[in-house]
Amino acid sequence: MEWEAPALVLSAAPYGESAVVAHVLTGEHGAYRGLVRGGASRKHIALWQAGNLVSARWFARLPEQLGNLSAELVHPSAARILQSRLPLALLSACCAVADGALPEREPHPRVFDGLLGLLTLLSLDAEDAARTGPAALIRWEAVLLADLGYGLDLSACAVTGEAAELRFVSPRSGRGVSEAGAGAWRDRLLPLPRLLVDEQESGDPVSWSQGLRLTGHFLARDAFGARHQPLPAARSRLQELIEAMPS
């Protein structure tokens, strides 16, 4: 069995003296792990940094085997933002979330395309990434949740049935709730930042924090909870970084 495709590096773990087991995401084949011989060498280690876009080739005698992985670098996302704290934190968080949440060998082209766009945004302009990157990541996490079957329902208020003026999300059902429908339950609901209903909205630290808490709640409960795993440490560090920003 063999395939070749553009792939995003999600993670790479040492294996033996000079190899790594890399985890990559493709649009057509989904997430795949493979043994990279010599991947930990000084010559090749930079290629397998999380966030990099590569042209990958995976092959194995049998489909159920780990397989061997090789690649050529297409775009070095990680190297372009090493000195930019927020873009680097965003990159680390989205790769860690995809690394832990996506099922193996199951195509999720929307998630791949969204992650590719997000990583491109983060690595091309640090100033623009710091301004629009958090909102883009939150929207991508919402797409990931939807593709995994845990999507938010923001079509109408769960209480009144009205489609306009949604302000909250139920932490139990994931359905939107309006200001009028919140009532006495307001303090138990998750605030819904406007950036999740208006793609032109770039947001600010307050709305970024709200958005991360919203998607993080469902990621932790459903996507990672189903696997009996906590949210990745990189995702938690991003939340802390955003919450420490002046509003």
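What you are looking at is a predicted structure, and each value in this text was computed from that prediction instead of being measured.

S.K.: Help me understand the side chain of T26 in this model?
M.R.: Following the sequence through the fold, T26 ends up in strand β2 (residues 19–26). Looking at T26, the relative accessible area reads 0%, which means it is buried. For T26, the side chain forms a polar contact with the main-chain nitrogen of H29, separated by 2.9 Å. Ignoring anything within four residues of it in the chain, the contact list for T26 reads W3, A5, P6, A7 and F112.

S.K.: How should helix α4 (residues 126–147) be read in this particular structure?
M.R.: Every α-helix carries 3.6 residues per turn, so stepping three or four residues along brings you back to the same face. Considering bend angle alone, the principal kink of α4 is centred on T132 and spans about 55 degrees; proline P134 follows within four residues of it. The distance from a side-chain oxygen at the start of α4 to the backbone nitrogen of E127 is 3.0 Å, and the residue carrying that oxygen is D125. At the C-terminal side of α4, G149 shows a positive phi close to 95 degrees.

S.K.: Please clarify how the nonpolar core should be interpreted in this entry.
M.R.: Soluble globular proteins: nonpolar side chains tend toward being buried together. L115, W140 and L238 are the most contacted members of the largest nonpolar core, which has 53 residues in total. Secondary structure elements with two or more residues in this core: β1 (2–15), α2 (85–101), α3 (109–124), α4, β6 (166–169), α6 (205–223) and α7 (233–243). Looking at which element gives the most residues to this core, the answer is α2, with 10 residues. Listed in part, the 16 residues of the second largest apolar core include W3, A5, V24 and Y32.

S.K.: When you look at the environment of A146 in this model, what are you seeing that I'm missing?
M.R.: Its place among the elements puts A146 in helix α4. Contacts of A146, omitting those with residues within four sequence positions, involve R110 and G151.

S.K.: What should I look at first to understand the pattern of salt bridges in this one?
M.R.: Pairing between side chains of opposite charge can happen when the charged atoms of each approach one another. Across all of its chains, the model carries 12 salt bridges by this definition. R110 is the partner of D147 in a salt bridge, and the nearest nitrogen-oxygen pair spans 2.9 Å. Within this pair, whereas D147 is found in helix α4, its partner R110 is found in helix α3, the two being separated by 37 residues in sequence. Judged by its relative accessible area of 26%, D147 falls in the partly exposed class. Via salt bridges that share partners, E2, E4 and R57 belong to a single interconnected network.

S.K.: Help me understand unusual backbone geometry, please; the structure alone is not making it clear to me.
M.R.: Both trends apply: most residues other than glycine have a negative phi, and most peptide bonds are in trans. We note that E165 has phi near 60 degrees; this positive angle belongs to a residue other than glycine. Note that E165 resides in the loop between α4 and β6. Note on E165: relative accessible area 52%, which makes it exposed. Positive phi, normally seen in glycine, also occurs at H228, with a value near 60 degrees. Note that H228 resides in the loop between α6 and α7. Here H228 falls in the exposed class, since its relative accessible area comes to 76%.

S.K.: What's the story with the packing of aromatic side chains in this structure? I'm lost.
M.R.: Aromatic ring pairs are reported here in terms of the distance separating the ring centres and the angle at which the planes meet. Taken as a whole and assessed by the stated rule, the structure comprises 3 aromatic pairs. Where W3 meets Y32, the ring centres are 5.3 Å apart and the plane angle is 75 degrees; that geometry is what we call edge-to-face. Pair noted here: W3 is in strand β1 and Y32 is in strand β3 (residues 30–36), with a separation of 29 residues, a long-range link. Residue W3 is classed as buried on the basis of its relative accessible area, which comes to 4%. When the ring of W3 is compared with that of W58, the centres are 6.5 Å apart and the planes differ by 15 degrees; the resulting orientation is stacked. Of this pair, W3 sits in strand β1 while W58 sits in strand β4 (residues 53–59), and the two are 55 residues apart along the sequence. As far as the burial class goes, W3 and W58 line up, both buried. Taken together, the aromatic side chains of W3, Y32 and W58 make up a single cluster linked through ring pairs.

S.K.: Whenever I open this one, the pairing of β2 confuses me. Can you help?
M.R.: Along any regular strand, the residues point their side chains to alternate faces of the sheet. With 8 of 8 residues buried, β2 is to be regarded as a mostly interior element. Burial along β2 is two-sided: A19, V21, H23 and L25 facing one way and V20, A22, V24 and T26 facing the other are all buried. Sheet analysis places β1 next to β2, joined by 8 bridges and oriented antiparallel. By the bridge assignment for β2, A13 is matched with V21. Taken together, β1 and the strand that follows it, β2, pair antiparallel across an intervening segment of 3 residues, in which G16 is found at a positive phi of about 70 degrees. Taking the residues between adjacent antiparallel strands as the criterion, β2 and β3 are bridged by 3 residues.

Cut-offs and rules
- Residues numbered from 1 in each chain as written.
- Predicted model: local features only at pLDDT ≥ 70, side-chain atom pairs only at ≥ 80, totals over all residues.
- Heavy atoms only, no water.
- Helix = DSSP H or I, 4+ residues; strand = E, 2+ residues; numbered from the N terminus.
- Buried < 20%, exposed > 50% of the residue type's maximum accessible area, 1.4 Å probe, protein only.
- Polar contact = N/O pair within 3.5 Å; in protein donor to acceptor, adjacent residues only side chain to side chain.
- Contact = heavy atoms within 4.5 Å.
- Bend = angle between axes of the 7 residues up to and from the residue.
- Core = buried A, V, L, I, M, F, W, Y, C linked by side-chain atoms within 4.5 Å.
- Salt bridge = Lys/Arg side-chain N within 4 Å of Asp/Glu carboxyl O.
- Phe/Tyr/Trp six-rings, centres within 6.5 Å; stacked < 30°, edge-to-face > 60°.
- Pairing = 2+ DSSP bridges.

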